[in-house]
Each structure stands twice: as structure tokens, then as C-alpha cells.
Amino acid sequence: MGTPSDRAPLAERVEELLALGGPLPIVAAGEPVLRRAAEPFDGQLAPALLARFVAALRLTMHAAPGVGLAAPQVGVGLRIAVIEDPAPVPEEVRAARGRVPQPFRVLVNPSYEPVGAARAAFFEGCLSVPGWQAVVARHAEVRLRARDEHGRAVDEVFTGWPARIVQHETDHLDGTLYLDRAELRSLASNASMADLWSQPTPERAASALGFELPGRPGRPGRPGPSGSPGLPGSAS
Ligand code: ZN
């Protein structure tokens, strides 16, 4: 929570990071900044510094590469995140996961609420938990309220993969990591993911690893038809 005495150090911290040049170092789980509620943005960074910081977040997200990055992931406890997903995936994956391209966006002081009760469960990962992925059942559709980098109000509904990204990044600003919401029996190394679980949906993984997908109580992970474009978890 912000107090006047915190403000100068935050701007100084950002200046120090930017002085490094290039992509910013991403902090990993275990760093307390990832577990604290970030401070609402309220002009702690002057407009020019905010613009430079946002550009550095975008550069860092591209370099990782990732589809979103929250300020705490570079050690800055402010409620600011960036998202962008060119969605370079096969059509089958796009259809199953709703992974449509998401243009670059800056989310300042974002919050979200579910729209409807549908949930969607897919593997996801986090740049601050490198090397691992796990299935997270998330709201299939959310209403996002935020400001953009120019202070303009944002009030927009997101579905599909962009809804997942919005939830993941906003959660970071509340000190929540995706693992807090994940089905831990689905935890898989990147090597396992590449070898075994690259299907569009996690149904086979649910069956083999022994975890449940939403909407299928008592029938953990019964495999669907091969290549089914069904959305696990979207029907409750
Ligand atoms: Zn993350």
C-alpha cells in the first residue's frame, strides 16, 4: 500500500531497471514482490517514465517470449500489466482454446469479474515459474475494468484465450500465481508438455495424470473423441 515515502523509491527503481537497457530481468516465484498486492497506479511514475516503462515491459514480454507481463514480474509493485498475443497456433488449437490474436494492450489498475458461470480448463505457464505448466480452470468470459496507459477508462468483455491472459495478469497484481488456481496433478515440465500434452485440449492429460476437468465431476479426464474441437470446461 502506498505511502508518500514509497513513491520516490518506486520511480527510482524503475529508472534503475531502465538504465540496464534491453529486456528487463524477470523475477521468479519466491520473490516477495510476486506475493504482495501491487500498489494502484496513481502517478507514481511521471508520464514520460511510465511510457518508457511500458515500452520496456513490452520488449521484455516479446523477448521472453510471453503473451503477458505484469510489473511485479520485473520487481515493480505497481498495478500495471501488458498483454499481446499474435497467436501463432494451428487452426485446431485456435478453435479449441479460443486463442485468437490479441493486440498489444496496457492494463492500468485492472480488475475483472466473471460473465456467466462457464469455465475453461487448459494448460498455462508463467514466466515467473519457468519450466513448468499446469491446467487452470478459469472463467471462460470476464468483464475487465481498467485504465489504459493514457488514463482512459477501459470496460470490455474478453473471451477465449485473451480472457485467460487478462485473468492471469490481473491475478499477478493481487499477488496470486497461476499455481494457486491450478490442478496440481496436471503439473508438467516443458519437456513433458512437448512430448505428451500438446493436444488442443487437456482431456488426455486429465485421464493419464488423474485430475478432473470442470463440468465432468466423477469422470476425471475421460478422453474425448480424438481431435475433438470441444472446449473442456466451457460447458457446466
Ligand atoms: Zn505469470
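Residues numbered from 1 in each chain as written. Predicted model: local features only at pLDDT ≥ 70, side-chain atom pairs only at ≥ 80, totals over all residues. Heavy atoms only, no water.

*Asks:* Hey, could you run me through the overall build of the chain in this one?
*Replies:* The helix and strand inventory of the chain stands at seven helices and eight strands. Summarising the internal contacts of the chain: among those between residues at least 6 apart in sequence, 68% fall at separations of at least 24. Working note: accessible area of the chain is about 11,000 Å², and carbon and sulfur atoms make up 55% of it. (Helix = DSSP H or I, 4+ residues; strand = E, 2+ residues; numbered from the N terminus. Contact = heavy atoms within 4.5 Å. Areas by Shrake-Rupley, 256 points an atom, 1.4 Å probe, with all protein chains shown as cover.)

*Asks:* Sorry if this is basic, but what is going on with the sheet that holds strand S3 (residues 102-114) here?
*Replies:* Where strands meet in a sheet, backbone hydrogen bonds hold them as pairs that are either parallel or antiparallel. Taking strand neighbours across the sheet as the criterion, the five strands line up as S1-S2-S3-S6-S7 in an open arrangement whose pairing is antiparallel. One side of each edge strand has no neighbouring strand; the edge strands of this open sheet are strand S1 (68-70) and strand S7 (153-159). Sheet twist, expressed as the mean angle between neighbouring strand axes with direction ignored, is 40°. Note that S1 and strand S2 (residues 80-85) share three bridges and pair antiparallel. Among the inter-strand pairings, Leu69 is bridged to a residue of S2, identified as Val82. The strands that helix H2 (residues 47-63) touches are S1, S2 and S3; relative to S2, the one it contacts most, it runs at about 45°. (Pairing = 2+ DSSP bridges. Axes fitted to C-alpha atoms, helices over the stretch in contact; angles between N-to-C directions.)

*Asks:* Where do I start with the nonpolar core in this structure?
*Replies:* Among soluble globular proteins, nonpolar side chains are generally buried collectively. Counting residues in hydrophobic clusters, the biggest one holds 24 residues, and the most contacted among them are Leu45, Phe53, Val76 and Ile80. Setting aside anything within four residues of it in sequence, one finds Val76 in contact with Leu10, Arg13, Val14, Leu17, Val33, Phe53 and Ala71. (Core = buried A, V, L, I, M, F, W, Y, C linked by side-chain atoms within 4.5 Å. Buried < 20%, exposed > 50% of the residue type's maximum accessible area, 1.4 Å probe, protein only.)

*Asks:* Teacher, can you tell me more about the packing of aromatic side chains here?
*Replies:* Remark: the centre distance and the inter-plane angle together describe each pair of aromatic rings, the angle taken between the planes. Per the counting criterion, the structure on display carries one aromatic pair. Its end group placed over the ring of Phe104, Arg58 keeps NZ or CZ at 4.1 Å from the ring centre. (Phe/Tyr/Trp six-rings, centres within 6.5 Å; stacked < 30°, edge-to-face > 60°. Lys NZ or Arg CZ within 6 Å of the ring centre and 35° of its normal.)

*Asks:* What's the story with the pattern of salt bridges in this structure? I'm lost.
*Replies:* When the charged atoms of two side chains with opposite charge come close together, those side chains can pair. Scanning all chains against the criterion turns up 16 salt bridges. As a salt-bridge pair, Asp155 and Arg143 come within 2.6 Å of each other at their nearest N and O atoms. On the criterion of sequence distance, the pair formed by Asp155 in strand S7 and Arg143 in strand S6 (residues 141-147) is long-range, its members being twelve residues apart. Taking relative accessible area as the criterion, Asp155 reaches 47% and is therefore assigned partly exposed. One salt-bridge network, in which partners are shared between bridges, spans Glu124, Arg138, Arg164, Asp171 and Arg181. (Salt bridge = Lys/Arg side-chain N within 4 Å of Asp/Glu carboxyl O.)

*Asks:* Would you take a moment to explain the coordination of the zinc ion for this structure?
*Replies:* Protein ligation of the zinc ion involves Cys126 (SG), His168 (NE2) and His172 (NE2), the donor distances falling in the range 2.0 to 2.3 Å. Taken in sequence order, the residues that donate to the zinc ion follow the motif C-x41-H-x3-H. Residue Cys126 is located in the loop between strand S4 (119-125) and strand S5 (132-139), and its partner His172 is located in helix H4 (residues 160-173); the two are separated by 46 residues in the primary sequence. According to the relative accessible area criterion, Cys126 is buried, its value standing at 8%. (Donors = N, O, S within 2.8 Å, 3.2 Å for Na, K, Ca; no water.)

*Asks:* Is there a simple way to explain the side chain of Ser186 in this structure?
*Replies:* Assignment of secondary structure puts Ser186 in strand S8 (residues 182-189). Within the structure, Ser186 has its side chain in polar contact with the backbone oxygen of Glu183 (distance 2.5 Å). Discounting chain neighbours no more than four positions away, the residues touching Ser186 are Phe123, Gln133, Ala134, Val135, Leu209 and Phe211. (Polar contact = N/O pair within 3.5 Å; in protein donor to acceptor, adjacent residues only side chain to side chain.)

*Asks:* Could you clarify how one ought to interpret the sheet that holds S4 in this entry?
*Replies:* The strand order across the open sheet formed by three strands is S4-S5-S8, and the pairing between neighbours is antiparallel. Each end of this open sheet is capped by a strand with a single partner; those strands are S4 and S8. This sheet shows a mean twist of 30° between the axes of neighbouring strands, independent of strand direction. Here four bridges tie S5 to S8, and the two strands are oriented antiparallel to one another. Bridged to Val135 within S8 is Glu183.

*Asks:* In this structure, what is going on with the confidence of the model for the chain? I would like to understand it.
*Replies:* Low pLDDT marks regions whose predicted coordinates should not be analysed in detail. For the chain, mean pLDDT is 90; residues scoring 70 or higher make up 88% of the total. Confidence drops under a pLDDT of 50 for residues 218-236, and excluding neighbours within four residues, the segment shows 45 contacts in the predicted structure. (pLDDT = per-residue confidence, 0-100.)

*Asks:* Just to check I follow, could you spell out the environment of Leu177 for this structure?
*Replies:* Along the chain, Leu177 falls in the loop between H4 and helix H5 (178-181). Residue Leu177 is classed as buried on the basis of its relative accessible area of 4%. For the pair Leu177 and Gly125, spaced 52 residues apart in sequence, the C-alpha to C-alpha distance is 9.9 Å. With sequence-adjacent residues up to four places away left out, Leu177 is seen in contact with Ala29, Arg35 and His172.

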